[in-house]
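Examining the three-dimensional arrangement
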Amino acid sequence: MMKYLLLLSFALLFSCGKSPLLNHETERNQSTQNQSALLSKLNLKNSELILSIQWIKGPFSDASLENSFMIIVQDRNGNLSDIPNESEFYIWGWMPSMGHGTADDGYTERLSKGIYLQREFYFNMGGDWEINLELYKNNQSIDATKIRLDL
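Conventions and cut-offs
- Residues numbered from 1 in each chain as written.
- Predicted model: local features only at pLDDT ≥ 70, side-chain atom pairs only at ≥ 80, totals over all residues.
- Heavy atoms only, no water.
- Helix = DSSP H or I, 4+ residues; strand = E, 2+ residues; numbered from the N terminus.
- Polar contact = N/O pair within 3.5 Å; in protein donor to acceptor, adjacent residues only side chain to side chain.
- Contact = heavy atoms within 4.5 Å.
- Pairing = 2+ DSSP bridges.
- Salt bridge = Lys/Arg side-chain N within 4 Å of Asp/Glu carboxyl O.
- Buried < 20%, exposed > 50% of the residue type's maximum accessible area, 1.4 Å probe, protein only.

1. With respect to the side chain of Gln74
Assignment of secondary structure puts Gln74 in strand S3 (residues 67-74). Among the polar contacts made by the side chain of Gln74, one reaches the main-chain carbonyl oxygen of Gly78 at a distance of 3.1 Å. With sequence-adjacent residues up to four places away left out, Gln74 is seen in contact with Lys41, Leu49, Ile50, Ser52, Asn79, Leu80 and Ser81.

The structure is reproduced here in structure tokens:
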């Protein structure tokens, strides 16, 4: 009986491949989508602004790799424009199929008129994602839009 139990233990131990829960090499080695395909133009309705998103790093599905992107804000005439006075970006990620957010949403930094940089944005895993871009003024949402990604 002991021999059979030992044989069964070895068979189970050595017949299995790497655990998909512990093996993230496939995610790390996946190529990301063509970055030119990830340029997005988004309309903010209440503010009458147009946002253009350009990825600088990523998007990467590996939680150890930083994603960052530029947010270019223009008015309806195509001129660079700051977001409304006393307002700020609130940017956060959401994975609808799994019901959770990103590992870290990072922070937004204004570089110059109409040019903002989102840094330290980390996705947890590959799959379907939404990046929500909201404008807040006095702790109240005044406008919003989102980008959908499949990583």
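2. Examining the sheet that holds strand S9 (residues 140-150)
Spatially, S5-S4-S8-S9 is the arrangement adopted by the four strands of the open sheet, whose pairing is antiparallel. This sheet does not close on itself; its edge strands, each paired only once, are strand S5 (100-101) and S9. For strand S4 (residues 87-95) and S5, the ladder comprises two bridges, and the chain directions are antiparallel. What sits directly across from Trp94, in S5, is Gly101.

3. Here's the deal with the pattern of salt bridges
Scanning the entire structure with this criterion turns up five salt bridges. We note a salt bridge from Glu66 to Lys57, for which the minimum N-O separation is 3.2 Å. On the basis of relative accessibility, which here comes to 37%, the residue Lys57 falls in the partly exposed class. The residue Arg110 makes a salt bridge to Asp82 at a minimum N-O spacing of 2.9 Å. Here Asp82 lies in the loop between S3 and S4 and Arg110 lies in strand S6 (residues 107-112), a separation of 28 residues in the sequence. Look at the salt bridges and you will find they share partners, linking Glu130, Lys146 and Arg148 into a network.

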